[in-house]
Amino acid sequence: MATLKVGGEVDSLCTRCKMSLAHTILAMVGPKIARVRCNTCNGEHAFRGKPGTTDRPTKAATAKAARAASGTTRTTRSEKVVISFDDQLAGKDIASAPKYSPKDTYRVDQVIHHPTFGVGLVTAVRGDKVDLTFRSDTKTLVHGRGGGAPADRPAFSPPSKMNSGPADKPMAEVPMDEELPEVAILPSDEELDNAAPAED
């Protein structure tokens, strides 16, 4: 293999041509090639070796080296435990499950009967929302919205329209008992055109 140096040639994957072609070495960092120029399209880019080859260690090689250094040949990994929906419902009284209503309040591990999704289990409660796990999916539904008396609910008051001028120049408020100054109204262009010419 030839010694690699700046000005020498090397095969690299060209980002413009999308092929592995001959490139001129433009820069090196120690023994590694940093930047190259494609001899076909003259495009400059970072050096990319042939697809599938790299000078970086892979995760598997790093893990293998770590095991070899520590003296262990096999690592233990905690296994993920999946509990089926039927196992979650085991021991719960499904027959007396209440029907879902957004007005009622629910607690974790309570069984609910929903008219659309069927039997579900409350897995989380967040404020006025509950997560219900059904056989096919988990849904987030509302609860504890009992309605209450109208006095308990916050009253809706739309914003009132304020008569004001431009945003950067607020109008001064004029008391209602004061009279506004009279404003002279100028005639329009049409009135000026129709008016008789003034005699000198």
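Below, the structure is looked at part by part. (Residues numbered from 1 in each chain as written. Predicted model: local features only at pLDDT ≥ 70, side-chain atom pairs only at ≥ 80, totals over all residues. Heavy atoms only, no water.)

**Some points on the sheet that holds strand S3 (residues 32–38)**
Part 1 of the argument: Reading across from one edge, S1-S2-S3-S4 is the order of the four strands in this open sheet, with antiparallel pairing throughout. Looking at the sheet topology across the chains shown, the edges are occupied by strand S1 (9–13) and strand S4 (44–46). Each neighbouring strand pair of the sheet contributes to a mean axis angle of 50°, computed without reference to strand direction.
Part 2 of the argument: Relative to S3, strand S2 (residues 20–29) runs antiparallel, the two being bridged by six bridges. Looking at S3, one finds that Thr24 is bridged to Arg37. (Pairing = 2+ DSSP bridges. Helix = DSSP H or I, 4+ residues; strand = E, 2+ residues; numbered from the N terminus. Axes fitted to C-alpha atoms, helices over the stretch in contact; angles between N-to-C directions.)

**Section: the side chain of His114**
Part 1 of the argument: Following the sequence through the fold, His114 ends up in strand S5 (residues 111–114).
Part 2 of the argument: The class for His114 is buried, based on a relative accessible area of 8%.
Part 3 of the argument: Looking at His114, its side chain comes within polar contact range of the main-chain nitrogen of Thr116, at 3.0 Å.
Part 4 of the argument: The residues touching His114, leaving out its near neighbours within four places in the chain, are Tyr100, Phe134 and Leu141. (Buried < 20%, exposed > 50% of the residue type's maximum accessible area, 1.4 Å probe, protein only. Polar contact = N/O pair within 3.5 Å; in protein donor to acceptor, adjacent residues only side chain to side chain. Contact = heavy atoms within 4.5 Å.)

**A word on the sheet that holds strand S7 (residues 129–134)**
Part 1 of the argument: Across the sheet, four strands lie side by side as S5-S6-S7-S8; this open sheet has antiparallel pairing. A strand with exactly one partner marks an edge of an open sheet, and here the two such strands are S5 and strand S8 (138–142). Across the sheet, the mean angle separating the axes of adjacent strands is 40° when strand polarity is ignored.
Part 2 of the argument: Of the pairings in the sheet, the one linking S7 to S8 comprises five bridges and is antiparallel in character. Within the sheet, the bridge partner assigned to Thr133 lies in S8 and is Thr138.

**Thoughts on the packing of aromatic side chains**
Part 1 of the argument: Counted according to the given criterion, the structure contains two aromatic pairs.
Part 2 of the argument: Ring plane angle 25° and centroid distance 6.0 Å describe the contact between Tyr100 and Tyr106, whose orientation is recorded as stacked.
Part 3 of the argument: A residue is classified by how much of its surface remains accessible, and Tyr106, at 5% relative accessible area, is buried. (Phe/Tyr/Trp six-rings, centres within 6.5 Å; stacked < 30°, edge-to-face > 60°.)

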